[in-house]
Amino acid sequence: MNGLEDLTPKQVADGLKAGTLLLIDVREPREFAIERIHGTLNHPLSTLEPAVMPVDGKRRVVLSCAGGRRSAVAAIHCQDAGVKVDAHMAGGLGAWKAAGLPVIAVDPDTGEIIDTGKL
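These numbers were taken from a predicted model, which means no experiment stands behind them.

S.K.: So, the packing of aromatic side chains: which residues are in play, and what are the values?
M.R.: Scanning all chains against the criterion turns up zero aromatic pairs. Sitting above the plane of the F32 ring, R36 keeps its charged end 5.4 Å from the centroid.

The following block contains the structure:
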């Protein structure tokens, strides 16, 4: 896949803690609003413009989604446009939660914010 690196949730969590990567969620705004990883930016695949991706060389840009498929597609779109995005989180948010890592979510019944902690 065009040299796309699959990172594990632990690798992503370690990079977020160290400040060496920037995580960009390519899910749709509604999905992102309901549940996300602390500090993640949202650039939905449906409106993705590779030219505006925050690639500045200070932190490695890593893409994520719900299960890993959309983030891989988004990375390829970026690469095809000449934007240096060469990694995504394999398994997406599902794998992140399965690894017991923290998220921030909204309870759909009450609107209550559920924060399982920061890294």
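S.K.: Explain the side chain of S71 to me, and be specific about the residues and the numbers.
M.R.: Checked against the element boundaries, S71 lands in helix α3 (residues 69–80). We classify S71 as buried; its relative accessible area is 0%. Within polar-contact distance, the side chain of S71 engages the side chain of H88 at 2.7 Å. When sequence neighbours within four positions are dropped, the list of residues in contact with S71 reads V26, L63, S64, C65, H88 and M89.

S.K.: Which residues make up the environment of K17, and what values go with them?
M.R.: Mapped onto the elements of the fold, K17 is located in helix α1 (residues 9–18). Residue K17 is classed as exposed on the basis of its relative accessible area of 57%. Between the C-alpha atoms of K17 and E35, which are 18 residues apart in sequence, the distance is 19 Å.

S.K.: Talk me through the side chain of S64; I want residue IDs and the actual numbers.
M.R.: When you line up the elements, S64 lands in strand β5 (residues 60–64). On the basis of relative accessible area, S64 is assigned to the buried category, the value being 2%.

S.K.: Let's hear about the pattern of salt bridges: which residues, and what values?
M.R.: Counted under the stated rule, the structure contains seven salt bridges. For R27, the salt bridge is made with D25, and the minimal N-O distance between the two is 2.8 Å. The exposure classification of R27 matches that of D25, with both residues buried. Here D86 ties to R60 by a salt bridge, and the two come within 3.1 Å at their closest N and O atoms. Separated by 26 residues along the polypeptide, D86 in the loop between α3 and β6 (87–89) and R60 in strand β5 bring together distant segments of the chain. For D86, a relative accessible area of 21% gives the class partly exposed. On the basis of relative accessible area, R60 is assigned to the partly exposed category, the value being 31%. Shared partners join several salt bridges into a network, and the residues in it are E5, R60, K84 and D86.

S.K.: Any chance you could break down α1 for me, citing the residues and the numbers?
M.R.: Restricting attention to buried positions, one finds in α1 the residues P9, V12, A13 and G15. Looking straight down α1, one finds its buried side chains confined to an arc of 165 degrees; they lie on one side. In this structure, α1 carries K10, K17 and A18 as exposed residues pointing more than 90 degrees from its buried face. At its buried positions, α1 is contacted by β1 (5–7), β2 (21–25), β5, β6 and α4 (92–98). Within two residues after α1, G19 carries a phi angle of roughly 75 degrees, on the positive side.

Quick notes on the rules
Residues numbered from 1 in each chain as written. Predicted model: local features only at pLDDT ≥ 70, side-chain atom pairs only at ≥ 80, totals over all residues. Heavy atoms only, no water. Phe/Tyr/Trp six-rings, centres within 6.5 Å; stacked < 30°, edge-to-face > 60°. Lys NZ or Arg CZ within 6 Å of the ring centre and 35° of its normal. Helix = DSSP H or I, 4+ residues; strand = E, 2+ residues; numbered from the N terminus. Buried < 20%, exposed > 50% of the residue type's maximum accessible area, 1.4 Å probe, protein only. Polar contact = N/O pair within 3.5 Å; in protein donor to acceptor, adjacent residues only side chain to side chain. Contact = heavy atoms within 4.5 Å. Salt bridge = Lys/Arg side-chain N within 4 Å of Asp/Glu carboxyl O. Arc of directions from axis to C-beta.

What is shown is where atoms sit, not what they do.
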